[in-house]
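# Coordinates in review
Single-letter residue listing:
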Amino acid sequence: MGMTARVLAVDAGNSKTDVAVVAADGEVLATARGGGFRPPAVGIGTAVDAVAAAVEQAFAAAGVESVEHVSACLANADFPVEEEQLAAALHARGWGAGIEVRNDTFAILRAGITEPRGVAVVCGAGINCVGMRPDGRTARFPALGRISGDWGGGWGLAEEALWFAARAEDGRGEPTALAHALPAHFGRTTMLELIEALHLEEVTNARRHELTPVLFAVAADGDPVARALVDRLADEVVAMATVALTRLDLLEEETPVLLGGGVLAAQHPQLNDGIRDLLAARAPKAVPLVVTASPVLGAALLGLDRVGAAAEVHRRVRAHFEG
C-alpha cells in the first residue's frame, strides 16, 4: 500500500455511484459501484458515506491509498455553494490532493466528446443541460424542476400523461388512448381506479415512472395527445441546447450536442427525429449524437483534463470503458 494513482473518478447519481481509479499512464486500476447519492434526502455526510464505500473498495483493489486528483460528478450539485459544500466533504475523506466537484450532467457530456467542447441534454427522471469549452467556460441550468423553469424528464412526462388521461375519461379534456393504456399497465380498468390506487398508495409513487414508456408506445400508435407531449419534449430539449450553444458562442460552429439519459438513449423515433429536425432549423451547425458511454468515463476524462494528461492517456481510458 501507499502507492498514489493519478485520478479518482466518481459519477454519483440518485440511483447508483460508479468510481474508477486511473493510473498516470491511463490504465484503469480498479472500478467499483455503490449506492445512490441523495444529499437532500439523507444529508451530505450520509450521502458521502455511500460514495466512500465504493471508493474504499476500488482503492483496495487498485492497491492505492490516495490519488493526485479527485474528479467527482455528483447529482444534486446544482449551485456553486453546493459544489463547495460537497468538495469540502470529499476533501475531508483524504482521497486526493486536488478535488473538483461538478454536476453529474458534465460526466455524460465529457463521456461523449473527444475534447471538452460541446453541449449535453440529459433526460432521465428529470431534464438538464450543460455545455463546456476547452477554455473552461461552461453553461448550465439549475434544473430543479418547475421552480427553475424545467419541463420534461420521465417523471414530468408521466405526470402529464396522467393529467391528460384523467381529463379524457371524465370529459374535461379531449379523448386519448392514454385513458385506457395507463390504467391497463397497472392492471386497472379505468383512470378512476388508477387515481384511487395512486392516492391510496396501492400503486406506489415510485412506480409512476413506468408510465413514460407507455406514453411513447401510445404516441407511436398515432394518438394525437401522446404525440403532442413527445413533440413538446423535443422542443424543450432543443430550447435548452440552443440556449447553451448561444451562451458559449458555439451556435455558429460545428458543435456536438449529446443526448443522454434513459429517455433519450432509448431513441424513440418520434422524439429523436423531432430533436434533429428542430436543431437543424434553430442550430444548423449542431451535430446531435446519442451518448451510451458510461458517465464515469466522463468523470475520469474531466480529471485527466485537469491534470494535463496526454492525449494517449485519454485514449487508453476511453478504450477501457468503450471496449
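Overview of the structure. This is a predicted model, so every value here is computed, not measured.

### Quick look at the packing of helix 9 (residues 224–247) against helix 11 (residues 269–282)
It is at 9 Å that the axes of helix 9 and helix 11 come closest, and there the two elements cross at 40°. The angle between helix 9 and helix 11 places the two elements in the oblique class. In this structure, helix 9 crosses over helix 11, and the sense of that crossing is right-handed. Of the residues in helix 11, those touching helix 9 at Arg 227, Val 230, Asp 231, Leu 233, Ala 234, Asp 235, Val 237, Val 238, Ala 239, Ala 241 and Thr 242 are Gln 270, Leu 271, Gly 274, Ile 275, Leu 278, Leu 279 and Arg 282.

### Some words on the pattern of salt bridges
Inspection of the entire model under this criterion finds 18 salt bridges. We note a salt bridge from Arg 316 to Asp 25, for which the minimum N-O separation is 3.0 Å. Of this pair, Arg 316 sits in helix 13 (residues 311–322) while Asp 25 sits in the loop between strand 2 (17–22) and strand 3 (28–34); the two residues are 291 residues apart in sequence, bridging distant segments of the chain. On the accessibility criterion, Asp 25 (40% relative accessible area) is partly exposed. Here Glu 210 makes a salt bridge to Arg 207, at a shortest N to O gap of 2.8 Å. What emerges from the salt-bridge pattern is a single network uniting Lys 16, Asp 18 and Arg 33.

### Observations regarding the state of the cysteines
Evaluated as defined, the whole model comprises zero disulfides. Just so you know, Cys 123 is unpaired, no disulfide at all, and the nearest cysteine sulfur is the one on Cys 129, 12 Å from it. Since its relative accessible area comes to 0%, Cys 123 is described here as buried.

### Digging into the pairing of strand 4 (residues 64–74)
Taking burial as the measure, the eleven residues of strand 4 include eight buried ones, the bulk of the element. Here strand 4 runs beside strand 5 (residues 96–103); their pairing, made up of seven bridges, is parallel. Paired with Leu 74 across the strands is Asn 103, a residue of strand 5. Taken together, strand 4, helix 3 (residues 80–91) and strand 5 constitute a β-α-β crossover, and its handedness is right-handed.

### Regarding the environment of Val 238
Residue position: Val 238 is located in helix 9. Ignoring any residue separated from it by four or fewer positions in sequence, one finds Val 238 in contact with Ile 275, Leu 278, Leu 279 and Arg 282.

### Re helix 5 (residues 153–170)
End to end, helix 5 covers 26 Å across 18 residues, agreeing with the expected 26 Å (1.5 Å per residue, within 8%). Listed as buried for helix 5 are Gly 153, Gly 154, Gly 156, Leu 157, Ala 158, Glu 160, Ala 161, Leu 162, Ala 165, Ala 166 and Ala 168.

### A few points about the packing of aromatic side chains
Enumeration over the complete set of coordinates arrives at one aromatic pair. When the ring of Trp 163 is compared with that of Phe 164, the centres are 4.9 Å apart and the planes differ by 85°; the resulting orientation is edge-to-face. Classification of Trp 163 as partly exposed rests on a relative accessible area of 46%. Judged by relative accessible area, which is 25%, Phe 164 ranks as partly exposed. The cationic tip of Arg 102 hangs over the ring face of Phe 106; the distance from NZ or CZ to the ring centre is 5.2 Å.

### Points about the packing of helix 5 against helix 6 (residues 178–185)
Running from N to C, helix 5 and helix 6 cross one another at 115°; their axes reach a closest spacing of 8 Å. Relative to helix 6, helix 5 is oriented so that their crossing is left-handed. Listed contacts from helix 6 to Ala 161, Leu 162, Ala 165, Ala 168 and Glu 169 of helix 5 are Leu 178, Ala 179 and Leu 182. Counted by class, the contact of helix 5 with helix 6 contains seven nonpolar, no polar and one charged residues.

Here is what the cut-offs are and how they apply
- Throughout this document, residue positions are counted from 1 along each chain, in the order its sequence is written.
- The predicted nature of this model means local features are confined to residues of pLDDT at least 70 and side-chain atom pairs, given and counted, to a pLDDT of 80 or more, with totals for whole chains, interfaces and linings taken over all residues.
- By convention in this description, side-chain values take in all heavy atoms of the structure and omit both hydrogens and water.
- Where helices are involved, their axes are fitted lines through C-alpha atoms of the stretch in contact, as for all axes, and angles between N-to-C directions lie from 0 to 180°.
- Helical segments are the DSSP runs of H or I of at least four residues, strand segments are the runs of E of at least two, and each set is numbered from the N terminus.
- Geometric relationships in this document are graded by angle, where less than 35 degrees denotes roughly parallel, more than 145 denotes roughly antiparallel, 65 to 115 denotes roughly perpendicular, and other angles denote oblique.
- Two helices cross in a left-handed way if the nearer one is turned anticlockwise from the farther one by less than a right angle. They cross in a right-handed way if the turn is clockwise.
- In what follows, residue pairs with any heavy atoms lying within 4.5 Å of each other are defined as contacts.
- Salt bridge, as used here: a side-chain nitrogen of Lys or Arg that lies within 4 Å of a carboxyl oxygen of Asp or Glu.
- Exposure is judged per residue with a 1.4 Å probe applied to protein chains only, and the accessible area is read against the type maximum: over 50% gives exposed, under 20% gives buried, and values in between give partly exposed.
- Two cysteine sulfur atoms make up a disulfide if the distance between them is within 2.5 Å.
- Any two strands are treated as partners once DSSP identifies two or more bridges connecting them.
- With its strands directed away from the observer, a crossover is right-handed exactly when the path from the first strand over the helix to the second travels clockwise.
- Helix span, as expected, comes to 1.5 Å for every residue beyond the first.
- For Phe, Tyr and Trp, where Trp contributes only its six-membered ring, two rings pair if their centres lie within 6.5 Å, and the inter-plane angle classes them as stacked under 30 degrees, edge-to-face over 60, or tilted in between.
- Whether a charge lies above a ring is judged from NZ of Lys or CZ of Arg, which has to be within 6 Å of the ring centre and within 35 degrees of the ring normal.
- When residues are sorted by character, Ala, Val, Leu, Ile, Met, Phe, Trp, Tyr, Cys and Pro go into the nonpolar class, Asp, Glu, Lys and Arg into the charged class, and all the rest, Gly among them, into the polar class.

Note that all results are geometric; they support no functional claim without further evidence.
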